[in-house]
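# An overview of the molecular structure
What follows is the residue order along each chain.
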Amino acid sequence: MKATDFLKKQHREVMKLFKEVEKTEAPRERKRLMTDIANHLKVHTTIEEEIFYPAVKEIGTEKVEDMMLEAVEEHHVVDLVLEELPQVDPAADTFDAKMTVLKELIEHHVEEEQDEIFPMAERKLGKERISELGDRLEERAGALEAPSA
Ligand SMILES: [Fe+2]
Ligand SMILES: [Fe+2]
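The shown structure was predicted, so the numbers you read here are calculated from the model rather than taken from an experiment. (Residues numbered from 1 in each chain as written. Chains lettered and ligands numbered in written order. Predicted model: local features only at pLDDT ≥ 70, side-chain atom pairs only at ≥ 80, totals over all residues. Heavy atoms only, no water.)

### Description of the coordination of the iron ion (ligand 2)
The protein atoms donating to the iron ion (ligand 2) are H11 (NE2), H44 (NE2), E48 (OE) and E113 (OE), with metal-donor distances spanning 2.0 to 2.1 Å. Seen from the iron ion (ligand 2), its four donor atoms lie at angles of 85 to 175 degrees, and the figure they make is irregular. Here the iron ion (ligand 2) and the iron ion (ligand 1) are spaced 3.2 Å apart, with E48 acting as a shared donor. Taken as a pair, E48 in helix 2 (residues 27-57) and E113 in helix 4 (residues 95-145) lie far apart in primary sequence, 65 residues in all. Residue classification places E48 among the buried positions, given a relative accessible area of 0%. On the basis of relative accessible area, E113 is assigned to the buried category, the value being 0%. (Donors = N, O, S within 2.8 Å, 3.2 Å for Na, K, Ca; no water. Tetrahedral: all angles 85-135°; square planar, octahedral: opposite > 155°, others 65-115°. Helix = DSSP H or I, 4+ residues; strand = E, 2+ residues; numbered from the N terminus. Buried < 20%, exposed > 50% of the residue type's maximum accessible area, 1.4 Å probe, protein only.)

### Comments concerning a negative patch on the surface
Negative charge collects at one region of the surface, where E62, E65, D66, E70, E104, E107, E111, D115 and E116 lie side by side. Counting residues per element, the ones that place at least two in the negative patch are helix 3 (62-84) and helix 4. In terms of residue count, the dominant contributor to the negative patch is helix 4 (five residues). (Patch = residues over 30% accessible without salt bridge, like charges linked within 9 Å, V, L, I, M, F, W, Y side chains within 5 Å. Areas by Shrake-Rupley, 256 points an atom, 1.4 Å probe, with all protein chains shown as cover. Salt bridge = Lys/Arg side-chain N within 4 Å of Asp/Glu carboxyl O. Lys, Arg positive; Asp, Glu negative; His and termini not counted. Charge placed at Lys NZ, Arg CZ, Asp CG, Glu CD.)

### Here we look at the packing of helix 3 against helix 4
Interaxial distance between helix 3 and helix 4 falls to 11 Å at its minimum, and their mutual angle equals 160 degrees. Overall, the two elements helix 3 and helix 4 adopt an arrangement that is roughly antiparallel. The handedness of the crossing between helix 3 and helix 4 comes out as left-handed. When the residues that make up the contact of helix 3 with helix 4 are grouped by side-chain class, the tally is 13 nonpolar, three polar and eight charged. (Axes fitted to C-alpha atoms, helices over the stretch in contact; angles between N-to-C directions. Parallel < 35°, antiparallel > 145°, perpendicular 65-115°, else oblique. Left-handed = near helix turned anticlockwise from the far one by under 90°. Nonpolar A, V, L, I, M, F, W, Y, C, P; charged D, E, K, R; others polar.)

### Observations concerning helix 1 (residues 3-23)
When the terminal C-alpha atoms of helix 1 are compared, their 31 Å separation across 21 residues agrees well with the 30 Å that a helix rising 1.5 Å per residue should span. Three or more residues of helix 1 are buried, namely A3, T4, F6, L7, Q10, H11, V14, M15, L17, F18 and V21. On the buried face of helix 1, the contacting elements are helix 2 and helix 4. (Expected span 1.5 Å × (residues − 1). Contact = heavy atoms within 4.5 Å.)

### Remarks on the coordination of the iron ion (ligand 1)
Within the protein, the atoms that donate to the iron ion (ligand 1) are E48 (OE), Y53 (OH), H75 (NE2), H109 (NE2) and E113 (OE), at distances of 2.0 to 2.6 Å. The sequence motif formed by the donor residues of the iron ion (ligand 1) is E-x4-Y-x21-H-x33-H-x3-E. On the basis of relative accessible area, H75 is assigned to the buried category, the value being 1%.

### Section: the environment of A55
Within the secondary structure, A55 is located in helix 2. Here the alpha-carbon distance between A55 and N39, two residues 16 residues apart in the chain, equals 24 Å. Beyond its immediate stretch of four places on either side in the chain, A55 contacts L125, R129 and L133.

Here is the structure:
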């Protein structure tokens, strides 16, 4: 699979989880979905930073360099929110607000990736490289998702 298609698939999966969490008020279900979102995001940002972003950086223009630095900073903000999630009370009034803010952060980031970074990567890296990167992303995601026991 193309790297960009694999990452887009993961974006869709996370957005679906956000939709689900908006629809439920049951604290236990909210907690489960919140953990699920955190795990998905962790795997996703890790494989982007380990495999995809360094490959995109090889394009080597100043614009790409700036875009990638910004993307990593956005991941960092996501990480800060994720760190807080285990302490978030799914029964609290603030739960919806926290989820909405995290969702909007992700939406903005995904938009920049899908509208700017991915099309550029496809153009400049070429078909073969993009599909080779896709295989590596898929394999690494599989390893990260595997239960560590
Ligand atoms: Fe990202
Ligand atoms: Fe992404």
